[in-house]
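Understanding the architecture of this molecule
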Amino acid sequence: MKSKQAIKFSQRVLGLAVASVFAALGVNSHAAVTATGTFAVNATVATSCTISGTALAFGAAVDATSGVNTDSTSTLTATCTPGTTYTIGLSAGSASGATVTTRKMVNGTDTLNYGLYTTALRDVNWDNTGAGLPGGTGTGAGQTYTVYGRIPSGQGAAKALAYSDIITATINF
C-alpha cells in the first residue's frame, strides 16, 4: 500500500505532466469555458396624436353694425407619431343653437355670430366632419395650421359686451 505522501506526490507529478502537455499544445488548463445564447427584443410604438391651439382674439374694436368684417387668426399645432395620417375638425362651439356654419359667441343671452375657415380668403368653412378637413401625416414634430376667423358685418345692434365661446379641436387618426 502506498503512503499518503506517495499518493500526493503521484498526483502532483500527474498534474504537472498534464499541465506540460496542455502548455506544449498551447492550451490554457485554467481557461474559462463559455457558452452563448440569444434572446428577442421587442417594442411597439403606439400611434398617438395631440392637438393644442392659441386663442382666437378679435380684439376690443369690433363693430358688428358696420359694413366691415372683423378678421383674426389663431394657430393649431398637431403632433403625431411619424407616419400617422390625421385630420382636424372643429366643433360648433359651446353656445346654444350654434352650428359649424354659424358659430356664436355669447354673453348671457346676447350673441355675436362668427365663422372659422381653413383659408385666408375665408371661403372654406372649417367643420368637424367630411373629406375636406385639414390634416396631414405626422412627423413626430408639431405641425401648425392657421384658423381664419371672421365676425361678419351687418349683425344689427350688438350690445357693447365681451363675448366668448369655446371651440373643441378634434384630431382624428
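1. A closer look at the sheet that holds strand 3 (residues 85–90)
- Read from one edge to the other, the open sheet built from 3 strands follows the order 6-3-8, with strand pairing classed as antiparallel. Both outer strands of the open sheet, strand 6 (135–137) and strand 8 (169–172), are each paired with one neighbouring strand and no more. Here the average twist between neighbouring strands, direction ignored, is 20°.
- Here strand 3 runs beside strand 6; their pairing, made up of 3 bridges, is antiparallel. Each residue of the ladder has a partner; that of Y86, found in strand 6, is G136.

2. A look at the sheet that holds strand 1 (residues 49–53)
- Pairing within the open sheet is antiparallel, and its 5 strands lie in the order 1-2-7-5-4. The open sheet has two edge strands, strand 1 and strand 4 (103–107), and neither has a second partner. Averaged over all pairs of adjacent strands, the angle between strand axes in this sheet comes to 30°, irrespective of strand direction.

3. Notes on the pattern of salt bridges
- According to the stated counting rule, one finds 3 salt bridges in the structure shown.
- One salt bridge in this structure joins R122 and D71, with 3.6 Å as the shortest N-O distance. With a gap of 51 residues between them, R122 in the loop between strand 5 (110–117) and strand 6 and D71 in strand 2 (residues 70–80) connect regions that are remote in the sequence.
- Its relative accessible area of 12% is what places R122 among the buried residues.
- On the basis of relative accessibility, which here comes to 35%, the residue D71 falls in the partly exposed class.
- One salt bridge connects K159 with D110, and the closest N-O pair in it is separated by 3.6 Å. On the criterion of sequence distance, the pair formed by K159 in the loop between strand 7 (143–151) and strand 8 and D110 in strand 5 is long-range, its members being 49 residues apart.

The rules behind each value
Residues numbered from 1 in each chain as written. Predicted model: local features only at pLDDT ≥ 70, side-chain atom pairs only at ≥ 80, totals over all residues. Heavy atoms only, no water. Pairing = 2+ DSSP bridges. Helix = DSSP H or I, 4+ residues; strand = E, 2+ residues; numbered from the N terminus. Axes fitted to C-alpha atoms, helices over the stretch in contact; angles between N-to-C directions. Salt bridge = Lys/Arg side-chain N within 4 Å of Asp/Glu carboxyl O. Buried < 20%, exposed > 50% of the residue type's maximum accessible area, 1.4 Å probe, protein only.

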